[in-house]
Amino acid sequence: MKNIYSNILKVNNKNLSKAINYLKKKELVGVPTETVYGLAGNAYSYKAVKKIYYLKKRPFKNPLIIHYYNLDQLKNDVELNSDFFKLYKKFSPGPITFVLKKKKNSLLSSIATAKLNTVAVRFPRDKTLRKILKSLNFPLAIPSANKSTHISPVSAKDVAQEFKSSIKVILNGGSCKIGLESTVVDLTFKPKILRPGFIAPTNISKTLNKKIKINNNLKIFKAPGMLKRHYSPGIPIKLNQKKAGSNEAFIVFGKRYKKGKNIFNLSYKSSLNEAAKNLYKTLRLIKNKKYKMICVCLIPKTGIGLAINDRLNRASK
Ligand code: TXA
Ligand code: MG
């Protein structure tokens, strides 16, 4: 198929160098990660980070996640603690983000962290992004590559649809393996999950050998940016439905649901991992098909099901 978006580039040495040079020049690049596609910029540069907020129409009070290659890069910016080391050893690089205390002499642009005294940090697993991070002497601020409150992108084409030609380079790393954002865990005090994700609370709690709180009250968030409405296709969504009208999109899970034009099954084999991977793709498809209402069946609230329900909940606000 012809690539109609000339800013989507395949991953090869030439295009990697191009992306790296853009980042060095404080320009933004669309990058694949194992969770969702991101919009990357130099986290030490006010100019680059400001562009991220403008392009996403993101409120300045919503801080960004800073992505690092390894601990050498990280040590200058945050205070590390024993909970961090345990989780880092077990899950990084991978789909987990740690909130830690910011060091006073950190070079991070203060708007990247919304002027907070904490920083959210992540070590992405995607090979292409790791090559890029390794070759830079600064970390990357990378929010999901969607306009604020929209559905997160899980392919290079989704990113191109969000930003059109306002980003010059989007590296095409194929579709995201996980398809949902990282688990965000606050380690500044008693460990607390601020955003559920692929890595389940029980795994985190087992690794830390501690109880872990889950912040699932949509109204009270430590992060100013844990917005109530988010991940939204801009269409009303009804959750926990048993059926849907024939002109409504019906998102279902498992093989007991019939097939049909308006039925979108996240996973016939009832795999929550597969459902997570299909969620944003399905929401975007339904939006593009111009449905006016979305009904969603009950989806189990265990493991990554917690994260799926969290995103659907916010998308429905
Ligand atoms: O999987 C991911 O985490 C993706 C990929 C691209 O890495 N990134 C992502 O970034 O989801 P974004 O900007 O869409 O979401 C970042 C979340 C926001 O809810 C923000 O409020 C929270 O992380 N956050 C950032 N800094 C924080 C901090 N210092 N304290 C608490 N929450 C923070
Ligand atoms: Mg986002």
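All figures in this text were calculated on a predicted structure; none of them were measured in a lab. (Residues numbered from 1 in each chain as written. Chains lettered and ligands numbered in written order. Predicted model: local features only at pLDDT ≥ 70, side-chain atom pairs only at ≥ 80, totals over all residues. Heavy atoms only, no water.)

Asker: I'd love a proper account of helix α5 (residues 127–135), names of residues and values included.
Answerer: What α5 keeps buried is the set Thr128, Leu129, Ile132 and Leu133. The buried residues of α5 occupy an angular sector of 135° when the element is viewed end-on, so they sit on one face. Of the residues in α5, the exposed ones pointing more than 90 degrees away from the buried face are Lys127, Lys131 and Lys134. Its buried side turned inward, α5 meets α1 (13–24), β2 (29–31), β4 (65–67), α3 (71–74), β7 (140–141) and β8 (169–172). The backbone nitrogen of Thr128 has a side-chain oxygen 3.0 Å away, supplied by the residue at the start of α5, namely Asp126. (Buried < 20%, exposed > 50% of the residue type's maximum accessible area, 1.4 Å probe, protein only. Helix = DSSP H or I, 4+ residues; strand = E, 2+ residues; numbered from the N terminus. Arc of directions from axis to C-beta. Contact = heavy atoms within 4.5 Å. Polar contact = N/O pair within 3.5 Å; in protein donor to acceptor, adjacent residues only side chain to side chain.)

Asker: Provide a residue-level description of the nonpolar core, including the pertinent values.
Answerer: Core analysis: the largest hydrophobic core is formed by 76 residues, its most contacted members being Phe98, Val121, Ile204, Tyr280, Ile294, Ile299 and Ile308. Top contributing element to this core by residue count: helix α8 (residues 272–288), with seven residues. No fewer than three residues from each of domain 1 (8–214) and domain 2 (237–315) sit in this core. (Core = buried A, V, L, I, M, F, W, Y, C linked by side-chain atoms within 4.5 Å. Domains from an automatic or database assignment.)

Asker: Kindly report on the domain arrangement of the protein chain, identifying the contributing residues and their values.
Answerer: Segmentation of the protein chain into domains returns domain 1 (8–214) and domain 2 (237–315). Taken over C-alpha atoms, the centre of domain 1 sits 27 Å from the centre of domain 2. Listed per partner, the contact involves 23 residues of domain 1 and 17 residues of domain 2. Summed over both partners, the interface of domain 1 with domain 2 buries about 1,500 Å², with 62% contributed by carbon and sulfur atoms. On the domain 1 side of the contact with domain 2, Ile151, Leu180 and Pro196 bury the most area, a combined 38% of that side's loss. Connecting domain 1 to domain 2 are three salt bridges. Residues Glu162 and Arg284 are paired through a salt bridge, measuring 3.3 Å at the closest nitrogen-oxygen approach. Secondary-structure elements contributing two or more residues to the side of domain 1 that touches domain 2 are α6 (156–163) and β10 (192–195). With three residues, α6 is the largest single contributor of residues to the side of domain 1 that touches domain 2. In the side of domain 1 that touches domain 2, the residues fall into twelve nonpolar, six polar and five charged. (Buried area = accessible area lost by both parts, 1.4 Å probe. Salt bridge = Lys/Arg side-chain N within 4 Å of Asp/Glu carboxyl O. Nonpolar A, V, L, I, M, F, W, Y, C, P; charged D, E, K, R; others polar.)

Asker: For helix α9 (residues 304–315), give the residues involved together with the corresponding values.
Answerer: For α9, built from twelve residues, the straight-helix expectation of 16 Å at 1.5 Å per residue is met to within 8% by its first-to-last C-alpha distance of 17 Å. Among the residues making up α9, those that are buried are Ile304, Gly305, Ala307, Ile308, Asn309, Asp310, Arg311, Leu312, Arg314 and Ala315. Residues of α9 that are buried in the fold lie against β10, β12 (237–238), α8 and β15 (294–296). (Expected span 1.5 Å × (residues − 1).)

Asker: So what's going on with the site of ligand 1? Residues and values would help.
Answerer: With respect to spatial proximity, 26 residues lie near ligand 1, and among them Thr35, Arg58, Asn62, His67 and Ser182 are the closest. Note that a nitrogen atom of ligand 1 is positioned 3.0 Å from one of the side-chain N or O atoms of Thr118. Residue Arg122 places a side-chain N or O atom 3.0 Å away from an oxygen atom belonging to ligand 1. For ligand 1, the accessible surface in isolation is 690 Å², of which the surrounding protein chains cover 98%. For the shell around ligand 1, the secondary structure elements donating two or more residues are β4, β6 (118–122) and β10. Among the elements that make up the shell around ligand 1, the one with the highest residue count is β6 (four residues). Its residues placed into classes, the shell around ligand 1 shows 13 nonpolar, nine polar and four charged. (Near = heavy atom within 4 Å. Areas by Shrake-Rupley, 256 points an atom, 1.4 Å probe, with all protein chains shown as cover.)

Asker: Report on the packing of aromatic side chains, specifying residues and quantitative values.
Answerer: The full count for this structure, using the stated rule, is eleven aromatic pairs. On the numbers, 6.0 Å between centres and 90° between planes, the contact of Phe264 with Tyr291 is edge-to-face. Of this pair, Phe264 sits in strand β14 (residues 263–265) while Tyr291 is found in the loop between α8 and β15, placing the two residues 27 residues apart along the sequence. The two residues Phe264 and Tyr291 agree in class, both being buried. Put simply, the rings of Tyr68, Phe84, Phe85, Tyr88, Phe98 and Phe123 touch in pairs and so form one group of aromatic residues. Over the ring of Tyr22 we find Lys25; its NZ or CZ atom is 5.3 Å from the centre of that ring. (Phe/Tyr/Trp six-rings, centres within 6.5 Å; stacked < 30°, edge-to-face > 60°. Lys NZ or Arg CZ within 6 Å of the ring centre and 35° of its normal.)

Asker: Please give an account of the state of the cysteines that cites residues and values.
Answerer: One pass over the full model with this rule turns up zero disulfides. Free cysteine: Cys295, not disulfide-bonded; nearest cysteine sulfur from Cys297 at 11 Å. Cys295 sits in the buried class, given a relative accessible area of 1%. (Disulfide = S-S within 2.5 Å.)

Asker: Please give an account of the pairing of strand β9 (residues 183–186) that cites residues and values.
Answerer: Both faces of β9 are covered, namely the face carrying Thr183 and Val185 and the face carrying Val184 and Asp186. Sheet analysis places strand β5 (residues 96–101) next to β9, joined by four bridges and oriented parallel. Counted as the bridge partner of Phe98 is Val185 from β9. In the sheet, β9 pairs with β10 via three bridges, with the strands oriented antiparallel. When the sheet's bridge partners are listed, Asp186 is paired in β10 with Lys192. The antiparallel pairing of β9 with β10 creates a hairpin that spans five residues between the two strands. (Pairing = 2+ DSSP bridges.)

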